[in-house]
Amino acid sequence: MNALVVCDVLKDPILVSRESARLLEAPLRLLDVGSIVTVDFNGVEGISPSFFDELLTVYESVLGDALIDIFQLIIDNPPTELSSKFVAVARSHQMVIHHVDSNKSWILNPKK
């Protein structure tokens, strides 16, 4: 499975800082970003929009280094509902985000 389990890397259950998101860069680089990537937040109790913004910045950096412009990022087990704040963060990265009702995952794709 092409997945990063956040709590395996970050031990804090509440993720608010950009610095915390940057710690996910090395594990993301180990994944095949040319296929579907899943970031699993199982065990995480909360994330802030700034953490999410930095996570997308890190992901974009990994994609750019791999020269990939078509992607799908799945946020599995998000610790919060998909709010307009997270939608705005995705939009600022030229991504569209929506949730899948069956398992509450968020799916991000490039904005067309």
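Residues numbered from 1 in each chain as written. Predicted model: local features only at pLDDT ≥ 70, side-chain atom pairs only at ≥ 80, totals over all residues. Heavy atoms only, no water.

**A few points about the overall build of the protein**
So, step 1. Per the secondary structure count, the protein includes five helices and seven strands.
So, step 2. The helix and strand sequence of the protein, counted from the amino end, reads β-α-β-α-α-β-β-α-β-α-β-β.
So, step 3. Taken against the 2.2 N^0.38 rule, which gives 13 Å for 112 residues, the C-alpha radius of gyration of the protein at 13 Å falls within 12% of a compact globule.
So, step 4. Dimensions of the protein, computed from the C-alpha atoms along their principal axes, are close to 35 × 25 × 25 Å.
So, step 5. When burial is assessed residue by residue, the protein has 44% of its 112 residues classed as buried.
So, step 6. Long-range pairs, those at least 24 residues apart, make up 72% of the contacts in the protein between residues at least 6 apart in sequence. (Helix = DSSP H or I, 4+ residues; strand = E, 2+ residues; numbered from the N terminus. Rg over C-alpha atoms; globule rule 2.2 N^0.38 Å. Buried < 20%, exposed > 50% of the residue type's maximum accessible area, 1.4 Å probe, protein only. Contact = heavy atoms within 4.5 Å.)

**A closer look at the nonpolar core**
So, step 1. Judged by nonpolar contacts, the single largest core of 32 residues is most densely connected at Phe 41 and Phe 52.
So, step 2. Listed by contribution, the elements that provide at least two residues to this core are strand S3 (37-40), helix H4 (49-65), strand S5 (73-76), helix H5 (84-92), strand S6 (95-100) and strand S7 (105-110).
So, step 3. Top element by residues in this core is H4. It accounts for eight residues.
So, step 4. Residues within four places of Phe 52 in sequence aside, it is in contact with Ile 47, Ile 75, Phe 86, Val 89, Ile 97, Trp 106 and Leu 108. (Core = buried A, V, L, I, M, F, W, Y, C linked by side-chain atoms within 4.5 Å.)

**Regarding the environment of Ile 14**
So, step 1. Locating Ile 14 in the fold gives a position in strand S2 (residues 14-15).
So, step 2. A relative accessible area of 40% places Ile 14 in the partly exposed class.
So, step 3. On a C-alpha basis, the gap between Ile 14 and Pro 79 in space is 9.3 Å, while along the polypeptide they are 65 residues apart.
So, step 4. Dropping the residues within four chain positions of it, Ile 14 is found in contact with Glu 45 and Gly 46.

**Looking at unusual backbone geometry**
So, step 1. You will see that Asn 77, though not glycine, has its phi angle at about 55°, which is positive.
So, step 2. One can find Asn 77 in the loop between S5 and H5.
So, step 3. What makes Asn 77 partly exposed here is its relative accessible area of 32%.
So, step 4. Although it is not a glycine, Gln 94 adopts a positive phi angle of roughly 60°.
So, step 5. Tracing the sequence through the fold places Gln 94 in the loop between H5 and S6.

**Focus: the pairing of S3**
So, step 1. Every second residue of S3 is oriented toward a common face, with Val 37 and Val 39 on one face and Thr 38 and Asp 40 on the other, all of them buried.
So, step 2. When strand S1 (residues 3-5) meets S3, the two strands line up parallel, connected through three bridges. By the bridge assignment, Val 5 is partnered in S3 with Asp 40. (Pairing = 2+ DSSP bridges.)

**What to know about the sheet that holds S5**
So, step 1. The strand order across the open sheet formed by five strands is S1-S3-S5-S7-S6, and the pairing between neighbours is mixed. At either margin of the open sheet sits one strand with a lone partner, and together these are S1 and S6. Here the strands of the sheet are splayed against their neighbours by 20° on average, with no regard to which way each runs.
So, step 2. In terms of strand pairing, S3 meets S5 through four bridges, oriented parallel. Looking across to S5, one finds that Thr 38 is bridged to Ile 74. (Axes fitted to C-alpha atoms, helices over the stretch in contact; angles between N-to-C directions.)

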